[in-house]
Amino acid sequence: MASVTAVKPLDVGGPISRRAAALANAKWFRALAWRTLREGGPQAALRAANARAAAWIVLRQAKREALVARLAREALGTDA
């Protein structure tokens, strides 16, 4: 059995994985909003609006964290 080694270490917990997680969470909240509207039920419009707002909050927070990380990297003078 051949062993495989990665040339580049995985970006677990790094900026790429945090961005991917934020996008996945926003996508999930948006899908929840559509499903809520489609299925109806009590106060479906309000619940869908809350899910869309949650998606927006997730993306806004991810952008804010990326900005802070970039500013910290510039202040420390590192590229990583």
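Keep in mind that this is a model prediction, so the values were computed, not measured.

Parameters and conventions
Residues numbered from 1 in each chain as written. Predicted model: local features only at pLDDT ≥ 70, side-chain atom pairs only at ≥ 80, totals over all residues. Heavy atoms only, no water. Helix = DSSP H or I, 4+ residues; strand = E, 2+ residues; numbered from the N terminus. Buried < 20%, exposed > 50% of the residue type's maximum accessible area, 1.4 Å probe, protein only. Contact = heavy atoms within 4.5 Å. Areas by Shrake-Rupley, 256 points an atom, 1.4 Å probe, with all protein chains shown as cover. Expected span 1.5 Å × (residues − 1).

## Concerning the overall build of the protein chain
Helices and strands together make up the secondary structure of the protein chain, namely 2 helices and 0 strands. Expressed as a percentage of its 80 residues, the buried residues of the protein chain come to 12%. A sequence separation of at least 24 residues applies to 43% of the contacts in the protein chain between residues at least 6 apart. Total accessible area on the protein chain stands at roughly 6,800 Å², and carbon and sulfur atoms take up 64% of it.

## Remarks on unusual backbone geometry
Phi is positive for Q43, close to 55°, though the residue is something other than glycine. Relative to the helices and strands, Q43 is located in the loop between α1 (15–39) and α2 (44–76). The class of Q43 is exposed, set by a relative accessible area of 59%.

## Digging into α1
A rise of 1.5 Å per residue sets the reference length of α1, with its 25 residues, at 36 Å; its end C-alpha atoms lie 36 Å apart and thus fit the reference within 8%. Among the residues of α1, A22, A26, A33 and T36 are the ones counted as buried. Against the buried residues of α1 lie α2. Directly after α1, the chain includes G40, whose backbone phi takes a positive value near 75°.

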